[in-house]
Structure formats: C-alpha cells, structure tokens
Amino acid sequence: MWLKSFVVASLLQVSVAGIAHAKGPFGSVNVGNWIGGAFSNDETGAFSHCAATTPYANGVILVVSQNAAGTWSLAFASPSYRFNKGENAAIDVTFDGQEQARLFATAYQPNMLTAIMPLNVVRTFQKASLMVATAGRAVLNFDLTSTGPVIAALANCVTKVKADGLDKAGDFTKIAAKPQPAPDKQAPPAGSKAAGAKSGTGFVVSANGHIVTNNHVIDGCVGDIKGNLTGEASMVLRVVSSDANNDLALLQAPSTATFKEFARIRDRSFHSGDSVVAIGFPYHGLLTSDFTVTTGIVSSLSGMRNDTRFLQISAPVQPGNSGGPLFDTTGQIVGVVTAKIPVLRIAAATGNIPENINFAIKTGALRDFLDNSVVPYQTAEPKGELKTTDIAGNARAYTMLISCNGTEQADAKK
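Residues numbered from 1 in each chain as written. Predicted model: local features only at pLDDT ≥ 70, side-chain atom pairs only at ≥ 80, totals over all residues. Heavy atoms only, no water.

1. Quick notes on the overall build of the protein
Part 1 of the argument: Scanning the protein for helices and strands turns up 8 helices and 24 strands.
Part 2 of the argument: Burial analysis of the protein (414 residues in total) assigns 47% to the buried set.
Part 3 of the argument: A sequence separation of at least 24 residues applies to 63% of the contacts in the protein between residues at least 6 apart.
Part 4 of the argument: Accessible surface, the protein as shown: approximately 19,900 Å² in total, 51% of it carbon and sulfur. (Helix = DSSP H or I, 4+ residues; strand = E, 2+ residues; numbered from the N terminus. Buried < 20%, exposed > 50% of the residue type's maximum accessible area, 1.4 Å probe, protein only. Contact = heavy atoms within 4.5 Å. Areas by Shrake-Rupley, 256 points an atom, 1.4 Å probe, with all protein chains shown as cover.)

Below, the structure is given as structure tokens:
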C-alpha cells in the first residue's frame, strides 16, 4: 500500500515547473506496468501535465510526463532519497548501450529528481529496450518495457485534454488508428544502400544468456541480430549495451533459450609466450558452416602503439572471427578476438607483408564492461591443461555465429 501511495504522490508532484500541488489523475494511461493520467494544478484547476510511472526492483520509480506546453520530463523518485529542494544533479543515460545523453535534473521535492528530456532523447527513450542511468557513483539499469506505447499515450493525453478539457478525460491509450511508417530498423540509414549479410562470432558468458561480441560486429546492423550455435536454429538477440571505445558489445538471448554451459573468464595473470586457442566463424558462407579452430601464442601483452587494453596473438584469424573467444590451454577465456593488422596498409608503408599479427581484447577491459552491464559472469582458476580438441568441444555449447543484414556504409568501415 505504501508503494502505491508513493507512486500516486510521484505522479502528482512531477512537472517541469515543479508544481507540488496537483490533482488527478483524470482519465487513465495504463500500458504494461505504466500507470497514470492527466493532472491539474490544484491551485488554479488548470490542466498541468500528463504523466505515467512504473516502479523497479532497484527501489527507483520512473515518471515520464509531458506538460501542457509540450515539454517532456523524466523523473527518478524513491522514498529513500533525501535531496535539498532546488538541488541539481547531472544524470548520464545510455540507451541500449549505444546512444548517450546527459540530463540535468533538479530536486523540486526531497524524494525526486526531475529532468527535461529533449525531443531526440524522448525518441530514443521511446524505442529503447534498456536504459542505464549514471549519477556520481550510482549506476542503475531500467528495462524500458512498453515505453513506445506509453509515450504515444501521454502525447495523446495532452492533445485530448487541451482540446476537450479535463472533464472529458478517458482512456488515453486508445488512439485512433492511422497508417504507421515501417519501423526504423527495417530501413537502412540515410545515404547508405542495403548490402548482404554480415557476420561475426560471440560467446555466452552467463546462465542468463548474455553474449559477448565486438561492437563492430553489430554496428550498422539493419533489422534483427541473430545468433545460433552450430547445427541449431537461430534466435533473435537483443542489444543490452556496447562500448565502441573498447569494441565490445553485450547481447542477450530470448528468455526461452537455454544454455547447458557458458564461458568462464581466467582469474589469473597471463604472460607473453603462453599458448592460446581462437575459435570463430571466419568467412561464413564461403568456408565451413562450423566454427574453425586456430592456435598460437601471446606475442605481446599490448596492442598497436603499446595499447595495454589488447593482447597481440599469433593465432591466425580472419574476418568473421571478430568477437570470438580466445582461450588458454585450460579452456578459460583470456581475451576477445577483435582484429588483425591491416596487411595492405602496413605493406604499403614498409614494403613487407606482416604475418600472424592479430589482436584480442584483454579480460580486464572485458570484466569492467560486464561489471558495468551488471552481468553475473563467472571466473575460474586455470587447472589442468586440456587438448585443443577438448577446448573446442566444450566451446561448442556456447560459441555462436552472430549475423545480421548490414549496409554498404557500415561494411565499408570494417
């Protein structure tokens, strides 16, 4: 009961102007876990705003609203918050691990921070599946279920109330049907042309179906991103987060998918000269439909220009290996295969063709990325050495082909 009372209080309080006295809801917005309606200024009786709210297990309640002037806001409320009235805070939000924005919030009430949302942020919020909000040291994840229809319902609420008044408020989720444009993801970006399938490799790192790959594997994908284990049907994967700087991306399999096994990350230092095994799907569609296995050593503990985020390896890799697991001889993950040296560019500059100079992202960067994405991965101490055939056999249960339709513009970057 206390939660319901606090949710209602949050709906009453939120507005860009910070009106503390409001009355409502008039009519209803009821979409998924979102509830709300229209509200008036209790002092004047005039229409104030339309708002909807939903609570999360992390103790925070999200409130999204549009006021009579058409301005959108997003509020973070919790009974545990203790802000000084007028206190300001910067909140960085990341949607689906790709699009980022900084919101500037104000505490109009002790238990709530309210920030104006620019229209481009509203559009992203409406389409996203996951939002990560960072304020200081606090990092919170929000599953944005039903945000598309709730934004539409709130916009409809404002339009209806301004036209008909609060006394005729009804169910604002009922919107007159009209032709809808095709979803954005079905069309290639402006200035690009549709191209064939692009592919890479990924591997499962949790029992919950979290899958690691390279950011460049999914960057520029048009439509669904699919993943499949060798010999099994493909499944549509959802982007959870990505890090273009470190070339990492996190995908998630549908809740109906089950994995008998997942990769463990080595929890001990690694050295130059140690043996490694790379597994992936190079040149998918031209070579075998099964994954390939190559072996080599760690040539260096840093990448190009002494970049310490990377390992240099001699194990041969090709386009399509990107995002694949790099194992030690005990079958633990020691890196994520990410690139091979640009042979033609080096040859043009030096007159020599380099061989077996490839790179993988170290587990330090990988673990930081997974920690920030709140993934329950597991680490393991290296024990007895395994045969390469055994490492490959174990990896078959969690190494996936990642594929999607790309664009010529995107492919040209790879």
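2. Remarks on unusual backbone geometry
Part 1 of the argument: Its identity as a non-glycine residue notwithstanding, Asp 247 has a phi of 55°, on the positive side.
Part 2 of the argument: Here Asp 247 shows up in the loop between β14 (235–243) and β15 (248–252).
Part 3 of the argument: At Val 374, a residue that is not glycine, the phi angle is positive and equals roughly 55°.
Part 4 of the argument: With respect to the helices and strands, the residue Val 374 is situated in the loop between α6 (363–372) and β23 (379–380).

3. Regarding the packing of aromatic side chains
Part 1 of the argument: In this structure the tally under the stated criterion is 6 aromatic pairs.
Part 2 of the argument: Look at Phe 327 and Tyr 398: their rings are 6.5 Å apart centre to centre, the planes differ by 55°, and that puts the pair in the tilted class. With Phe 327 in strand β20 (residues 325–327) and Tyr 398 in the loop between α7 (388–395) and β24 (399–407), this pair connects stretches of sequence that are 71 residues apart. Tyr 398 carries the same exposure label as Phe 327, and that label is buried.
Part 3 of the argument: Grouping aromatic residues by their ring pairs yields a cluster made of Tyr 56, Phe 76 and Phe 142.
Part 4 of the argument: It is Arg 264 that lies over the ring of Phe 262; its NZ or CZ is 4.1 Å from the centre.
Part 5 of the argument: Lying across the ring of Phe 291, Arg 396 places its NZ or CZ 4.6 Å from the centre. (Phe/Tyr/Trp six-rings, centres within 6.5 Å; stacked < 30°, edge-to-face > 60°. Lys NZ or Arg CZ within 6 Å of the ring centre and 35° of its normal.)

4. Side note on the state of the cysteines
Part 1 of the argument: Taken as a whole, this structure holds 2 disulfides when the rule is applied.
Part 2 of the argument: Note that Cys 50 is cross-linked by a disulfide to Cys 157, the S-S spacing being 1.9 Å. The sign of the -75° torsion about the S-S bond sets the Cys 50-Cys 157 disulfide as left-handed. Of this pair, Cys 50 sits in strand β3 (residues 47–55) while Cys 157 sits in helix α3 (residues 147–164), and the two are 107 residues apart along the sequence.
Part 3 of the argument: Between Cys 221 and Cys 404 runs a disulfide, and the two sulfur atoms are separated by 2.0 Å. Torsion about the S-S bond of the Cys 221 and Cys 404 cystine: about -75°, corresponding to left-handed handedness. (Disulfide = S-S within 2.5 Å.)

5. Notes on the side chain of Asn 321
Part 1 of the argument: Summarising the element assignment, Asn 321 is placed in the loop between β19 (310–313) and β20.
Part 2 of the argument: Setting aside anything within four residues of it in sequence, one finds Asn 321 in contact with Thr 201, Ile 279, Gly 280, Phe 281, Pro 282 and Val 337.

6. Focus: α7
Part 1 of the argument: Among all positions of α7, only Ile 391, Ala 392 and Ala 395 are buried. Looking straight down α7, one finds that the buried residues subtend no more than 95° of arc, so they occupy a single side. (Arc of directions from axis to C-beta.)

7. Let's talk about the nonpolar core
Part 1 of the argument: With 47 residues, the main nonpolar core has Val 212 and Leu 370 as its most contacted residues.
Part 2 of the argument: Setting aside residues up to four positions removed in sequence, Leu 370 forms contacts with Val 205, Val 212, Leu 250, Ile 265, Val 375 and Tyr 377.
Part 3 of the argument: Phe 47, Cys 50, Tyr 81 and Ile 151 belong to the second-largest nonpolar core, a separate cluster that totals 42 residues. (Core = buried A, V, L, I, M, F, W, Y, C linked by side-chain atoms within 4.5 Å.)

8. Thoughts on the side chain of Asn 228
Part 1 of the argument: With respect to the helices and strands, the residue Asn 228 is situated in strand β13 (residues 222–229).
Part 2 of the argument: Those residues in contact with Asn 228 that lie beyond four places of it in its chain are Ala 233, Ser 234, Thr 399, Met 400 and Leu 401.

9. Notes on α6
Quick reminder: α-helices carry 3.6 residues per turn. Residues three or four places apart thus point the same way.
Part 1 of the argument: Within α6 the residues assigned to the buried category are Thr 363, Ala 365, Leu 366, Phe 369 and Leu 370. The buried side chains of α6 occupy one side of the element, clustering within an arc of 160° when seen end-on.

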